[in-house]
Amino acid sequence: MKLHDRQLRDIYVDLLIEAAKKHPNLVIVEADLMKAAKTTGFAEVFPERTINVGVAEANMIGVAAGLSNIGKLPFTHTFTPFATRRCFDQVMLSVAYAQLNVKMVGSDPGIMATLNGGTHMSLEDVGIMRTIPTMTIFEPVDGVQLAGMFDQIIEHYGPVYIRLLRQEFPSVFADGTQFTLGKANKLEEGTDVSIFATGIMVVEALEARKILAEEGISASVVNIHTVKPIDREAIISEAKKTRAIVTAENHNIINGLGSAVAEVLVEEYPVVMERVGTKDHFGEVGKKDFLMEKFGLKAHNIVDAVHRVLERKGK
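As the structure is a prediction and not an experimental result, all values here were calculated from the model.

1. Re the side chain of aspartate 108
Reasoning step 1: Along the chain, the position of aspartate 108 falls in the loop between β4 (103-107) and α7 (125-130).
Reasoning step 2: Within the structure, the side chain of aspartate 108 is placed 2.8 Å from the side chain of arginine 166, a separation counted as a polar contact.
Reasoning step 3: Excluding anything up to four places from it in sequence, aspartate 108 contacts Phe79, Thr80, Ala113, Asn116, Leu164, Arg166 and Gln167.

Structure below.
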């Protein structure tokens, strides 16, 4: 399977089809966004294992829960606000509280909803899902990581929420890179500051590292692909080494990656910290570059945060 220079939704559907060949209980449950998710490709191969409930996301989760209860492995798909805000109670009670095995995909996370605007721009979905007991939250950086984690997501029993880009995105990982659900991946080693990033912010963190290196600042870059359960050992290890932490996420800084990292630090090894992400406001219509600049999600915003955290550190 080609994992580079392709849209992540195409890779995702290919992975679904291959997994369905091995797992006869795998089904998909849709809420009338199959063209957007490209899951029409799955329906062509497995029409009898495709259910479209229409524009009824809460019902989609209820149907998926029922299917799981009779031994099926359901994947659900819709845009992130509809996968989280709109059907929170069904995810909480029908899936998680009932200890069922449903995999939920929210597409176009954060500012990547772009021209769909603020109503479709969920900047709080991680926070919503992070509050649900037993929930696993996964956000792949690229197709290599998505493919490398897919079997583990299937084998993991319990609710999983996947933040999935639809668009093509720059590849970060080489083919064959190994990943483990719940374990961070260190991309670059550094000694002055540690940058923890997820999703589209990993590319920005790597660019920020280059800028910082030109200034004589050595930065670690760590990819947190599983926001819950978070890799506490990786966070503590970096905190002990650099004593300065910056987080970067395509999400509200409240109750997302930054909050999760801060919780670990304050309980285990308090150090100075800065968070890069959206600042407690709604999204809006715009193209990716405009929105990333407006909401402070660019590499230079990470660089500024590093400067602030190092000043507080006393370097």
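2. Examining the pattern of salt bridges
Reasoning step 1: Counted under the stated rule, the structure contains 22 salt bridges.
Reasoning step 2: Salt-bridge contacts for glutamate 268 lead to arginine 232; the nearest nitrogen and oxygen are separated by 3.0 Å. Taken as a pair, glutamate 268 in helix α11 (residues 257-268) and arginine 232 in helix α10 (residues 232-242) lie far apart in primary sequence, 36 residues in all.
Reasoning step 3: Judged by its relative accessible area of 33%, arginine 232 is partly exposed.
Reasoning step 4: Ionic pairing is found between aspartate 289 and lysine 288, a salt bridge with its closest N-O pair at 4.0 Å.
Reasoning step 5: Relative accessible area serves as the criterion here: at 51%, aspartate 289 is assigned to the exposed category.
Reasoning step 6: In this structure, a network of salt bridges that share partners links the residues Lys186, Glu189, Glu238 and Lys241.

3. Comments concerning empty space enclosed by the protein
Reasoning step 1: Scanning the model with the defined rule gives two cavities of 30 Å³ or more in all.
Reasoning step 2: What the largest cavity holds in volume is close to 90 Å³.
Reasoning step 3: In this structure, the largest cavity is lined by Arg9, Tyr12, Leu33, Ala36, Ala37, His77, Thr78, Phe79, Val105, Ser107, Leu164 and Arg166.
Reasoning step 4: Elements with a minimum of two residues in the lining of the largest cavity: α1 (8-22), α2 (34-37), β3 (73-79) and β4.
Reasoning step 5: Counting residues per element, the lining of the largest cavity draws most heavily on β3, which supplies three residues.
Reasoning step 6: Considered class by class, the residues forming the lining of the largest cavity number seven nonpolar, three polar and two charged.
Reasoning step 7: In terms of lining residues, the second largest cavity is bounded by Val126, Glu139, Arg163, Thr198, Val227, Glu249, His251, Gly256 and Leu257.

Analysis parameters
Residues numbered from 1 in each chain as written. Predicted model: local features only at pLDDT ≥ 70, side-chain atom pairs only at ≥ 80, totals over all residues. Heavy atoms only, no water. Helix = DSSP H or I, 4+ residues; strand = E, 2+ residues; numbered from the N terminus. Polar contact = N/O pair within 3.5 Å; in protein donor to acceptor, adjacent residues only side chain to side chain. Contact = heavy atoms within 4.5 Å. Salt bridge = Lys/Arg side-chain N within 4 Å of Asp/Glu carboxyl O. Buried < 20%, exposed > 50% of the residue type's maximum accessible area, 1.4 Å probe, protein only. 1 Å grid on protein atoms, 1.4 Å probe; cavity = no way out; pocket = protein on both sides within 12 Å on 5 of 7 lines; lining within 4 Å. Points joined across faces, edges and corners; volume = space filled by probe spheres on them. Nonpolar A, V, L, I, M, F, W, Y, C, P; charged D, E, K, R; others polar.

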